[in-house]
Amino acid sequence: MPATEIIERTLARGGYRLTAPRRALLEAMQDLDDHFTAEDVVTAAPEVGRATVFRTLRLMQDIGVVCQVVLDDGSVAYRLTSGGHHHHMVCSQCGAVADFTSHDIEDVLQQLADRTGYEIDAHRLEMYGRCPRCRALPDE
Ligand SMILES: [Zn+2]
Ligand SMILES: [Zn+2]
Ligand SMILES: [Zn+2]
């Protein structure tokens, strides 16, 4: 999980300051699970207004400090990220999320874009299954 100083530098690069509410939200997010909902952040930082929580989550997504992950029930959670384009493995048993990157996948998507004539602005990819820890558990 990225340290506050790294996030502070990322914010500065985007021309943003680590204001008191932003710092409070970051600290709250660092204390939450590896992924969390906007409501979790609202609850964890009661001193910060709801609108500020939503605005800050949006900002942090834009600058690449926070990413969105679609869970296997279709709900969207947030996650602190050290930035860079990546995808997620989601465990449908315990909910653990792991990041991954793949040049091969990006190449295939580029070929798809070429083939369909679409100019792709963004894509996301989540894989669902059982994580190594859950796989190692004996079946009930
Ligand atoms: Zn992510
Ligand atoms: Zn698992
Ligand atoms: Zn990708």
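Refer to the structure above for everything that follows.
I will try to describe carefully the structure that is included in this document. (Residues numbered from 1 in each chain as written. Chains lettered and ligands numbered in written order. Predicted model: local features only at pLDDT ≥ 70, side-chain atom pairs only at ≥ 80, totals over all residues. Heavy atoms only, no water.)

1. A closer look at the coordination of the zinc ion (ligand 2)
And step 1. Protein coordination of the zinc ion (ligand 2) is provided by Cys-91 (SG), Cys-94 (SG), Cys-131 (SG) and Cys-134 (SG), with donor distances spanning 2.3 Å.
And step 2. What the 4 donor atoms of the zinc ion (ligand 2) show is an angle range of 107 to 114° at the metal, which sorts the shape as tetrahedral.
And step 3. Along the chain, the residues that donate to the zinc ion (ligand 2) are spaced as C-x2-C-x36-C-x2-C. Of this pair, Cys-91 sits in strand E3 (residues 87-91) while Cys-134 sits in helix H6 (residues 132-136); the two residues are 43 residues apart in sequence, bridging distant segments of the chain.
And step 4. Since its relative accessible area comes to 4%, Cys-91 is described here as buried. (Donors = N, O, S within 2.8 Å, 3.2 Å for Na, K, Ca; no water. Tetrahedral: all angles 85-135°; square planar, octahedral: opposite > 155°, others 65-115°. Helix = DSSP H or I, 4+ residues; strand = E, 2+ residues; numbered from the N terminus. Buried < 20%, exposed > 50% of the residue type's maximum accessible area, 1.4 Å probe, protein only.)

2. What about the pattern of salt bridges?
And step 1. Enumeration over the complete set of coordinates arrives at 5 salt bridges.
And step 2. The salt bridge involving Arg-23 is made with Glu-8; its shortest N-O contact spans 3.9 Å. Taken together, the positions of Arg-23 in helix H2 (residues 20-31) and Glu-8 in helix H1 (residues 4-13) put the pair 15 residues apart, joining distant regions of the chain.
And step 3. Arg-23 sits in the partly exposed class, given a relative accessible area of 33%.
And step 4. Residue classification places Glu-8 among the partly exposed positions, given a relative accessible area of 36%. (Salt bridge = Lys/Arg side-chain N within 4 Å of Asp/Glu carboxyl O.)

Coordinates in, geometry out; function isn't part of it.
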